Structures are given as structure tokens and as C-alpha cells.
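Working through the structure, step by step
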Amino acid sequence: MSDSIRCLEFFSGIGGLHYAVNIAGVDAQVIAAFDVNEIANKVYEHNFKKKPLNKTIERLTPNDIAKYKADCWLLSPPCQPYTQGGREKDCDDPRAKPLMHLIDLLPRLADPPRYLFLENVKNFESSQSRRKLVEQLDALGYEIHECLLSPIQFGIPNHRLRYYLTARRCHNTQAKNDVSDSYVDRCTINTTWPFSEEAHFELPELSIFLQPEADDDERYKVPFKDLKRLHNFRLDIVRPDSRKTSCVTKSYGSHHIMTSGSMMQTKKLEITEYDWSNSESLTELGLRFLTPTEIARLHAFPLEKYHEGVISNTTSVMGGCRPFIGPTVQPYLEFPSSVTIGQRYRLLGNSLNCWVVAELLRCHLFQR
Ligand SMILES: C[S@@+](CC[C@H](N)C(=O)[O-])C[C@H]1O[C@@H](n2cnc3c(N)ncnc32)[C@H](O)[C@@H]1O
């Protein structure tokens, strides 16, 4: 009988956490996924050949969960309750309900999961939701670790500062009766990778993540009408030799060009200083959006095609942590042709960096 770790993936989206498990190369498998977004579920099923359950998570009962005999919960709940755009309503936001429900379910299970992993936006660390989660985990005897990390720290030229929580329950741990030594009073949130001593991974040029053919593709051009609305706002313009890009949000590719992610300069590459007061001058730069494939590469999804420069570096450094290697483990992320470019941007903007999660699973949560 296989004793591989049985994972449940809650809020599965396009399966970023499932891909991370595969990339980590650990003895674990995702046995079921849960999400209510039908488009995300279509992409998930296309790639993993298994449809996530589209029942809202707050309606799951202890019996629904117990039947999977899961050892691990992987969670990436909606981030809007903790963002300015979502008005930071925290536990009072209806979108926080499914997470609250899972927290309430934990002590009602005869056999709670041995491992738990959660990803969310920066800000979650100061929320009431996070407090409820860690208090529950602490009371149930989990060993908790929290961190705030960005793919930049892993050698990937993309900013995406995210909160990660790992929790491990030791066998035979009884629920804690003594609350005097509570985790919330002594916790620290780690911001270095690896945790012991920071490594410095060299950041590669953006060029090795790019699809040069997209430079002439009208679908990715930044419309002039949107540039005209900038009113001195400084976009994050990147070039093929850049070594950093901004965090891609779910509005990327739409008319929200200001803070949704970086814009690629494809012309007049000798111009590196911009006249923000004159939007006409920006048109000669041939600005385009990153393509969904380029974003998927920056988010380290397994894809059939990575530039050789992204797959050749396999040197392991410090505590077994690896510099980024473009993952080619199957299944790849592919979008069914019926999923529009706009939908692809939204799904990818909602998703996560698979490499960062894979390294946290491999070097930290599942390390025996
Ligand atoms: C931040 S995204 C997670 C993205 C995912 N990690 C990925 O790699 O694509 C949150 C997901 O939670 C799903 N969701 C939100 N509320 C839900 C609910 N009540 N029950 C089930 N899924 C829900 C959304 O449809 C969305 O796909």
C-alpha cells in the first residue's frame, strides 16, 4: 500500500498548488480539488483529467471531508477580504466565509490533516482571519511557520510578495489545554529564503521568458486610449534585458494598466527615460502586455517550452534549496481553446508562483 501524502486542494483555481506538489517531486498526490469557478474548473480538468468539486466550500460537512482520508490541506482562499480593493473587510467579508468554515471544521474531524499549507496576499498576516486560523491550529497542537516571500528571492524576475503558512501536526498530539504559551504571542514572520540564512540567486534576464513573436501581435498591444489616461502616472515599463517585473493582478490585460503589472517595451529600446507628462511619446515604445504564456513562465507553471537558459541551471545551494529551473514536469498548464485571452489573464492573475510553493513544500513542510 502506498503511503504517499494525500492532499486536498481547496480554492483550486487552475491548480497552482497541484502543480507545486508535482514540481516539488515529493511523495504526495492531490486526490480532490474544490472550486466554484466553472472556467477555472474547465482548465483544471483539461490538464489534470479530474474535475474539481464545484460545491461551495462553506457547505462541506465533516463527513464530506473525512471520506478522503486526507493527510494534507492545501489552501489559497480569496484575497479580496485583505486587500484595499476589496475594502479590507476581513472576517466580515462574505468571501472570507469558506476559510472561516474550514477553520471551524478542523476540530470537528476525528482525524485532522497532518499538514496544512496556506497562501494569501501580504496583509493577511495582520488580519483577524489569520489570527483565527493560527489560534485554531495552535490549540490543536500544530507546529506553525509563517513567512512573506517573493519569487525574486528564488531567482525569478517577478515580484509577487505573498504570505505563506505551513503547519504540521505531530502524531499523538493532543489538543492543547494550556493556553498560556500561545503561538500568537511568540510568533515571527520570516522574510528570508532559505529561512536559516538568505541565499542570493542571480536574477536572469526577462528575455528568456519572452515570446518575441508577441511583439507584432495586435491582441497584446497597449491601446493608446489607455496610455492617454495616465496623467503622469509612471507605468512599470520593462525591456528584454530587465531583471524585474511587477506583480501581475487579475485585471492585467484590461484597461486597468496602472497597477496591474508590467508593460513590455518592444521598440526604441535605447529609450530608457520616459516623458510621463506626454502620453504621445509613449506610443513610439511599442508597449504591449506580457502574454498569458509569459506570465505562466514567470509564475513557474510547468510548460512544454521554456528557454534553455531557464532549464539548464540545476546547481543546488544552501540547505538543498535550488535556483529556479523552468519546470517541465507533466501535466503542463494548457488552456482549452475556448478560454479567452481575458479569462486566461484573470485566472493567472488570481493564481500563484508554483516554484515558491514547491520549494516551501519540498524544503520545509514535507521535509522529514
Ligand atoms: C485566489 S484564487 C486561488 C487560485 C489558485 N490557487 C490557482 O492556482 O489558480 C481563489 C479561488 O477560490 C475560489 N472560491 C472562492 N469562493 C469559493 C467558495 N465559497 N467555494 C469554493 N471555491 C471558492 C475562486 O473561484 C478562486 O478560484
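Look up: the structure comes first, before these words.
Residues numbered from 1 in each chain as written. Predicted model: local features only at pLDDT ≥ 70, side-chain atom pairs only at ≥ 80, totals over all residues. Heavy atoms only, no water.

**Quick look at the sheet that holds strand β8 (residues 237–238)**
Across a sheet, strands are paired by hydrogen bonds formed along the backbone, either parallel or antiparallel in direction. Put simply, the rule reads: Strand pairing requires that DSSP identify at least two bridges connecting the strands. To qualify as a helix, a DSSP run of H or I must reach at least 4 residues; to qualify as a strand, a run of E must reach at least 2; elements of each kind are numbered from the N terminus.
Read across the sheet, 3 strands follow the order β8-β9-β10 without closing on themselves; strand pairing throughout is mixed. Looking at which strands have only one partner, the edges of the open sheet turn out to be β8 and β10 (288–289). Sheet topology note: the β8/strand β9 (residues 263–264) ladder contains 2 bridges and is parallel. Residue pairing across strands places Val238 opposite Met264, the latter belonging to β9.

**Re the side chain of Glu359**
The condition that has to hold: Think of it in three bands: with a 1.4 Å probe and only protein chains considered, a residue is buried below 20% of the maximum accessible area for its type, exposed above 50%, and partly exposed in between. Two residues qualify as a contact provided that any one of their heavy atoms is within 4.5 Å of a heavy atom in the partner residue.
Along the chain, Glu359 turns up in helix α12 (residues 354–365). Classification of Glu359 by relative accessible area gives buried; the value is 0%. Other than its neighbours up to four places away in sequence, Glu359 contacts Phe154, Trp193, Cys321, Arg322 and His364.

**Some details on the pairing of strand β1 (residues 5–10)**
Note the threshold: By convention, orient the strands away from the viewer: a clockwise path from the first strand over the helix to the second makes the crossover right-handed.
Counting buried residues in β1 gives 5 out of 6 residues, a clear majority hidden from the surface. Both β1 and strand β2 (residues 28–34) contribute to a ladder of 6 bridges, which runs parallel. Across the sheet, Leu8 pairs through a bridge with Ala32, a residue of β2. Crossover connection from β1 via helix α1 (residues 16–24) to parallel β2: handedness right-handed. Taken together, the 4 bridges between β1 and strand β3 (residues 72–75) define a ladder with parallel strand orientation. Considered in β3, the bridge of Phe10 is made with Leu75.

**Points about α1**
Counting buried positions along α1 yields 8 of 9 residues, so the element is predominantly enclosed. All of the buried residues along α1 are Gly16, Leu17, His18, Tyr19, Ala20, Val21, Ile23 and Ala24. Tucked into the core, α1 has its buried residues touching β1, β2, α2 (38–48), β3, β4 (115–121) and α12. Immediately downstream of α1, the backbone of Gly25 shows phi near 70°, a positive value.

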